[in-house]
Amino acid sequence: MNDAKKETAQAFARLYEIMRTLRGEHGCPWDKDQTSVGLRRSMMEECFEAIDAITSGDAAHVCEELGDVFFNVIFQAYLYEETGDFTVAQSLNDICDKLIRRHPHVFAESEGKSEMSGNPRSADDVLGQWESIKENLEGRKGDSVLDTVPQGFPPLLRAYKMLKKAAKKDKSRLTAAEAGATVSEKLQDVAESAKVVQAAKSAPDAEPFTVSGGNEAVNAAQLHLEEVFGDALFSMVNYARLLGVDPAVAMDRANRAFYERFTAWEKNSGL
């Protein structure tokens, strides 16, 4: 075993033992009180913090945040080990087996060789082979290709993933130019729907709302505006996809740029 491999194995074993100690008889009251459901938010937050560190380009910060992600993963897995559902080792071996099975072009012992049609020549070929193994060999084919996209994803990410899945199955693909034209059409629908809302409101400068006490005309108009605005956002996600842009990443960059501009304005204006 080379030094890096040995050091990694020792570090993982150390983390596992620390987890056992924290949950043990003389462990930490907080750690002993946690449940897998209760730790969902912590896992989500740590993943976002790791992504934030990666985006910032600060390797030392990435190292720290990935450590937090590792801890949350081992924490979750160990809780299931305690209840006898599965062990940490089983979870690790499951992902190892899956990676070997889905990379038959790399591992000679892979069960996925039955789904190969020659060696993949590109990343797209690899992804196609991956999906074929997933659906045919592992039996993960649902009623719809969209069923594989978790409903718990943030809406922007879910829209992007569903559109990517749909594009693999639907060969009558839109071009980027056509998608851009659709965006323009949807934005026009939004503008027209917004006019209807304003015409129905008694106070033109009122805050946006979905339900108004007793004013059915405003309710219907506002709900329709919400629907067409959603259509416009969805068409923007598709446009981004066809341009090779991940909309969630683009939105994150826009958020960061806004933060920098606004905080600079606050500082300069003395507010």
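Everything here concerns the structure above.
The structure contained in this document is the topic of the report that follows.

What counts and what doesn't
- Residues numbered from 1 in each chain as written.
- Predicted model: local features only at pLDDT ≥ 70, side-chain atom pairs only at ≥ 80, totals over all residues.
- Heavy atoms only, no water.
- Helix = DSSP H or I, 4+ residues; strand = E, 2+ residues; numbered from the N terminus.
- Buried < 20%, exposed > 50% of the residue type's maximum accessible area, 1.4 Å probe, protein only.
- Contact = heavy atoms within 4.5 Å.
- Areas by Shrake-Rupley, 256 points an atom, 1.4 Å probe, with all protein chains shown as cover.
- Lys, Arg positive; Asp, Glu negative; His and termini not counted.
- Charge placed at Lys NZ, Arg CZ, Asp CG, Glu CD.
- Core = buried A, V, L, I, M, F, W, Y, C linked by side-chain atoms within 4.5 Å.
- Phe/Tyr/Trp six-rings, centres within 6.5 Å; stacked < 30°, edge-to-face > 60°.
- Salt bridge = Lys/Arg side-chain N within 4 Å of Asp/Glu carboxyl O.
- Axes fitted to C-alpha atoms, helices over the stretch in contact; angles between N-to-C directions.
- Parallel < 35°, antiparallel > 145°, perpendicular 65-115°, else oblique.
- Left-handed = near helix turned anticlockwise from the far one by under 90°.
- Nonpolar A, V, L, I, M, F, W, Y, C, P; charged D, E, K, R; others polar.
- Polar contact = N/O pair within 3.5 Å; in protein donor to acceptor, adjacent residues only side chain to side chain.

### Side note on the overall build of the protein chain
Okay, step 1: Within the protein chain, the secondary structure is distributed over ten helices and zero strands.
Okay, step 2: Counted from the first residue to the last, the protein chain has its helices and strands arranged as α-α-α-α-α-α-α-α-α-α.
Okay, step 3: For the protein chain, the spread of C-alpha atoms along the principal axes amounts to about 70 × 55 × 40 Å.
Okay, step 4: Taking all 271 residues of the protein chain together, 23% fall into the buried category.
Okay, step 5: Excluding contacts between residues fewer than 6 apart, the proportion of contacts in the protein chain whose partners are at least 24 apart in sequence is 54%.
Okay, step 6: Surface exposure of the protein chain reaches about 18,700 Å², of which carbon and sulfur atoms provide 57%.
Okay, step 7: In the protein chain, 32 side chains carry a positive charge and 44 a negative one; their mean positions are 5 Å apart.

### So, the nonpolar core
Okay, step 1: Counting nine residues, the largest nonpolar core consists of Tyr16, Met19, Leu39, Ile74, Phe75, Ala77, Tyr78, Leu79 and Val88.
Okay, step 2: Listing elements by their share of this core, those giving two or more residues are α1 (3-23) and α4 (59-83).
Okay, step 3: Examining the composition of this core, we find that five residues originate from one element, α4, more than from any other.
Okay, step 4: In this structure phenylalanine 75 touches Met19, Arg23, Trp30, Asp31, Gln34 and Leu39, once residues within four positions along its chain are discounted.
Okay, step 5: Within the second largest apolar cluster, six residues are counted, among which are Val190, Ala221, Leu225 and Val228.

### What about the packing of aromatic side chains?
Okay, step 1: This structure, assessed with the given rule, holds five aromatic pairs.
Okay, step 2: Summarising the aromatic geometry, the rings of phenylalanine 71 and phenylalanine 75 are spaced 5.4 Å apart at their centres and angled 65 degrees between planes, so their arrangement reads as edge-to-face. Taken together, the residues phenylalanine 71 and phenylalanine 75, both in helix α4 and four residues apart, mark about one turn of the helix.
Okay, step 3: We classify phenylalanine 75 as buried; its relative accessible area is 1%.

### Description of the environment of threonine 175
Okay, step 1: Topologically, threonine 175 is positioned in the loop between α7 (155-169) and α8 (176-200).
Okay, step 2: Along the backbone, threonine 175 and leucine 242 are 67 residues apart, and their C-alpha atoms lie at a distance of 7.0 Å.

### Points about the pattern of salt bridges
Okay, step 1: Per the counting criterion, the structure on display carries four salt bridges.
Okay, step 2: Taking the shortest distance from any N to any O, the salt bridge between glutamate 17 and arginine 20 comes out at 3.4 Å. Here the residue glutamate 17 and the residue arginine 20 both occupy positions in helix α1, the gap between them amounting to three residues, near one helical turn.
Okay, step 3: The partner of glutamate 82 in a salt bridge is arginine 23, with the nearest N and O atoms 2.6 Å apart. Here the residue glutamate 82 occupies a position in helix α4, and arginine 23 occupies one in helix α1, the gap between them amounting to 59 residues.

### A word on the packing of α1 against α4
Okay, step 1: Interaxial distance between α1 and α4 falls to 10 Å at its minimum, and their mutual angle equals 60 degrees. Considered as vectors, α1 and α4 are oriented oblique to each other. Crossing angle aside, the handedness with which α1 passes α4 is right-handed. The residues of α4 that touch α1, namely those facing Phe12, Leu15, Tyr16, Met19, Arg20, Leu22 and Arg23, are Phe70, Phe71, Ile74, Phe75, Tyr78, Leu79, Glu81 and Glu82.
Okay, step 2: Taken together, the residues that form the contact of α1 with α4 break down as eleven nonpolar, no polar and four charged.

### Description of the side chain of serine 110
Okay, step 1: The residue serine 110 is located in the loop between α5 (88-101) and α6 (123-137) in this model.
Okay, step 2: Reaching out from serine 110, the side chain makes a polar contact with the backbone oxygen of isoleucine 100 at a distance of 2.7 Å.
Okay, step 3: Filtering out sequence-adjacent residues up to four positions away, serine 110 remains in contact with Ile100, Arg101, Arg102, His103 and Pro104.

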